[in-house]
Amino acid sequence: MMKGFIKIAWLFALLIPAVTLHAEESTEAEPDIKQIVLGHLGDSYEWHIATTGHGEWSIPLPVIVHSPASGWHLFSSARLREGSEYEGLRIAAEGEYAGKIVERQEDGTDLRPLDLSLTKTAAALLLNSAVVLCLVLVAARWYRRHKATDRAPKGFVGLFEMLVSGILDSVIKPCVGPNYRKFAPYLLTAFFFIFVNNLMGLIPFFPGGANVTGNIAVTFLLALATFLAVNLFGTKHYWKDILWPDVPVWLKAFPLMPLIEFVGIFTKPFALMIRLFANMMAGHAVILSLTCVIFATAGMGAAINGSMGAVSVLFSIFMYCLELLVAFLQAYVFTMLSAVFIGLAQENPEKHAPEQAGNTANK
Amino acid sequence: MGLLQPESGLLFWMTLAFGVVFIVLARYGFPVIVKAIESRKEYIDTSLDAAREAERKCATLEARSREIIEQAEVRREEILRETEAERKQLLAEAHQKAESEGARLLEKARQQAANERQAILDDAKREIAALAVSITERMLREELQDRQAQHDLASRLMDELDSKNRKSWTSD
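So, how was this worked out
Residues numbered from 1 in each chain as written. Chains lettered and ligands numbered in written order. Predicted model: local features only at pLDDT ≥ 70, side-chain atom pairs only at ≥ 80, totals over all residues. Helix = DSSP H or I, 4+ residues; strand = E, 2+ residues; numbered from the N terminus. Buried ≥ 20, exposed ≤ 12 C-beta atoms within 10 Å, placed from the backbone. Contact = placed C-beta atoms within 7 Å. Rg over C-alpha atoms; globule rule 2.2 N^0.38 Å. Pairing = 2+ DSSP bridges. Domains from an automatic or database assignment. pLDDT = per-residue confidence, 0-100. Axes fitted to C-alpha atoms, helices over the stretch in contact; angles between N-to-C directions. Parallel < 35°, antiparallel > 145°, perpendicular 65-115°, else oblique. Left-handed = near helix turned anticlockwise from the far one by under 90°. Nonpolar A, V, L, I, M, F, W, Y, C, P; charged D, E, K, R; others polar.

## Things to note about the overall build of chain A
Then, in step 1: Helix and strand counts for chain A stand at eleven helices and eight strands.
Then, in step 2: Considering chain A as a whole, with its 363 residues, one finds that 36% of them fall into the buried category.
Then, in step 3: For chain A, contacts bridging at least 24 residues in sequence account for 62% of all contacts bridging at least 6.

Below you can see the structure in the form of structure tokens.
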């Protein structure tokens, strides 16, 4: 218990200087706080680590673009630093495509090519995916090497088992119903994928810190996966309930109810997408803003700056604790709602109980 | 709003990353784990049931053994009591037998003593009689010279002797 507490204290001791140190660097120039926060929330072509007196420390990432005019390009993003142009491509400073790679056309307008660059978010995504794969496969190896009659696992695998059996027993089995074994791998993958990405996003320095699950493209694909799992494996009864629900005929002859139900197919995963995106992005935004309080008050004198610094650190600690909770909670909620939607689509005509659970979850 | 617009590049990388993670984990990761966890849960449940059953059996066995011990104790008491009674009875019988034997022996000895005394008395009487006869013979030989005196004396003596004899016989 004491040991764990010391570990947590160390963790925070590591977190705080990392955040504040970052803050102190940019006090020289007039800080554009909106730009800093949005810059961290958004994506970039290189992975910024730190800015020191010797310059910026960042990892250049590969740029992969395909333009209809000049074909495929693959080069390091270091060539595009500070607005320089390479192979006719540059990062737009302003305009519709600000911050993105554009190509100058013959007629002088900018065109955005097909951009498959391994950006900061994409790189973090791949790194976190590798972490998820490692964690789960290490645990799976343990289970492959042990029999059911052996002792229960300890340490990492024990923790992992606690999470898996918790999700399995409290979410997947009750929500999906008797067919849960078919969907358990997807739901568990979604849970651990989101959970690891959330946690990695909370680490304020290099291998973490990327706003992956707070990116709409990521949550869009997660929601799309749930959408496919729900609708591709839906039973006849599920489709009948959508297209010809159990309501008075005048409600469905003029297809009001089917229309609402049909829209519902899309709003459910849409809500999943927005919920995860908004929660994670907001968490990052709040932590970044609290950190920026220190340099926003830098010009107001030592007393104000010092006291606001202390307030900022205290609030950041609070927010980190909250975000740890949110990191788990959002992964859990996404998994649970996916399980509920899948369970609704798996429903058999003789059972009507899960329908109500689904309706309340929708609201 | 740039944040709300999904980037094509990220969509591509996310599809790739999540697809690979899902396919690998759905094939090599989670089914193994879920199966292992469930089979262990089942094993634990059956083990618990077996343990409960064993405990129940143990309890009944214990009750049974206690019963047996109680029965054995009761039986022991009984046997001890029986033995005690038997011992007393045997002792009493032996006493009785010894007593009767003693009495028998005493009686026999008394009988023998009486017989012997009788024999001794008979002998003595015979001796005394013979002695008396011979003494009398001698006295008479000297005293009774004439026939008449002899005859009188003899008859008198015969009477006296006879009466005396009868008296002494009866007194025994």
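## Describing the overall build of chain B
Then, in step 1: The number of helices and strands found in chain B is two helices and zero strands.
Then, in step 2: Radius of gyration (C-alpha) of chain B: 64 Å, far over the 16 Å computed for a compact globule of 172 residues.
Then, in step 3: Each of the three principal axes of chain B carries a C-alpha extent, and together these read 200 × 25 × 15 Å.
Then, in step 4: The buried share among the 172 residues of chain B stands at 9%.

## Observations concerning the sheet that holds strand β8 (residues 114–115) of chain A
Residue and element names in this part refer to chain A.
Then, in step 1: Across the sheet, three strands lie side by side as β4-β3-β8; this open sheet has antiparallel pairing. This sheet does not close on itself; its edge strands, each paired only once, are β4 (71–76) and β8.
Then, in step 2: Pairing geometry for strand β3 (residues 62–67) and β8, over two bridges, is antiparallel. The partner of His-66 across the bridge, within β8, is Leu-114.

## Looking at the domain arrangement of chain A
Then, in step 1: What the domain assignment reports for chain A is domain 1 (2–117) and domain 2 (121–350).
Then, in step 2: Between the C-alpha centres of domain 1 of chain A and domain 2 of chain A there is a distance of 26 Å.

## Points about the pairing of β4(A)
Residues and elements named next belong to chain A.
Then, in step 1: For β4, the tally of buried residues reaches only zero of six residues, placing the bulk of the element at the surface.
Then, in step 2: Alignment of β3 against β4, held across six bridges, turns out to be antiparallel. Its bridge partner being in β4, His-66 is matched across the sheet by Trp-72.
Then, in step 3: Between β3 and β4, which pair antiparallel one after the other, the connecting turn spans three residues.

## So, unusual backbone geometry
Then, in step 1: Look at A:Glu87: it is not a glycine, yet its phi comes out positive at around 50°.
Then, in step 2: As for its position among the elements, A:Glu87 is in the loop between β4 and β5 (89–91).

## Some thoughts on the confidence of the model for chain B
As a note on interpretation, predicted positions should not be read in detail where pLDDT is low.
Then, in step 1: Confidence along chain B averages 88 in pLDDT terms, with 94% of residues attaining 70 or more.
Then, in step 2: For this predicted complex, the interface score ipTM comes out at 0.82, alongside a pTM of 0.73.

## With respect to the environment of A:Thr297
All names here are of chain A.
Then, in step 1: Of note, Thr-297 is situated in the loop between α9 (256–296) and α10 (302–345).
Then, in step 2: Sequence spacing of Thr-297 and Arg-112 is 185 residues, and the spatial spacing of their C-alpha atoms is 39 Å.
Then, in step 3: Dropping the residues within four chain positions of it, Thr-297 is found in contact with Ile-304, Asn-305 and Met-308.

## A closer look at the packing of helix α5 (residues 180–202) of chain A against α10(A)
If you want to describe how two helices pack, look at the angle between their axes and the distance between the axes.
All names here are of chain A.
Then, in step 1: Following both chains from N to C, one finds α5 and α10 inclined at 160°, their axes separated by 9 Å at the closest point. Taken together, the axes of α5 and α10 are roughly antiparallel relative to one another. As α5 packs across α10, the resulting crossing turns out to be right-handed. On α10, the residues touching Phe-183, Leu-187, Ala-190, Phe-191, Ile-194, Phe-195, Asn-198, Leu-199 and Leu-202 of α5 are Tyr-320, Glu-323, Leu-324, Ala-327, Phe-328, Gln-330, Ala-331, Phe-334, Thr-335, Ser-338, Ala-339 and Ile-342.
Then, in step 2: Of the residues contributing to the contact of α5 with α10, the split by class is 16 nonpolar, four polar and one charged.

## Some details on the interface of chain B and chain A
Then, in step 1: Taken together, the contacts link 33 residues of chain B with 42 residues of chain A.
Then, in step 2: The residue inventory of the side of chain B that touches chain A, partitioned by class, reads 25 nonpolar, six polar and two charged.

## A closer look at the packing of helix α2 (residues 33–41) of chain A against α9(A)
Residue and element names in this part refer to chain A.
Then, in step 1: Where α2 meets α9, the closest approach of the two axes is 9 Å, and the angle between their N-to-C directions is 145°. In this structure, α2 crosses over α9, and the sense of that crossing is right-handed. Along its contact with α2, which presents Ile-33, Ile-36, Val-37, His-40 and Leu-41, the element α9 presents Met-281, His-284, Ala-285, Leu-288, Ser-289, Cys-292 and Ala-296.

## Quick look at the pairing of strand β2 (residues 55–60) of chain A
Residues and elements named next belong to chain A.
Then, in step 1: Note that strand β1 (residues 46–52) and β2 share six bridges and pair antiparallel. Within β2, the position partnered with Ala-50 by the bridge is Trp-57.
Then, in step 2: If you look at the hairpin formed by β1 and β2, you'll find two residues sitting between the two strands.

## Quick word on the environment of A:Ile287
Residue and element names in this part refer to chain A.
Then, in step 1: Tracing the backbone shows Ile-287 in helix α9.
Then, in step 2: Among the residues examined, Ile-287 registers 22 C-beta atoms within 10 Å and is labelled buried.
Then, in step 3: Spatially, the C-alpha atom of Ile-287 lies 14 Å from that of Asn-198, the residues being 89 residues apart in sequence.
Then, in step 4: Once residues lying within four places of it in the same chain are set aside, the contact partners of Ile-287 are Ser-316, Met-319, Tyr-320 and Glu-323.

## So, the sheet that holds strand β6 (residues 101–104) of chain A
Residues and elements named next belong to chain A.
Then, in step 1: As summarised here, the arrangement of the three strands in space is β5-β6-β7, forming an open sheet in which the pairing is antiparallel. Edge positions in the sheet fall to β5 and β7 (110–111), since each has one partner strand and no second.
Then, in step 2: Here β6 pairs with β7 via two bridges, running antiparallel. What sits directly across from Glu-103, in β7, is Leu-111.

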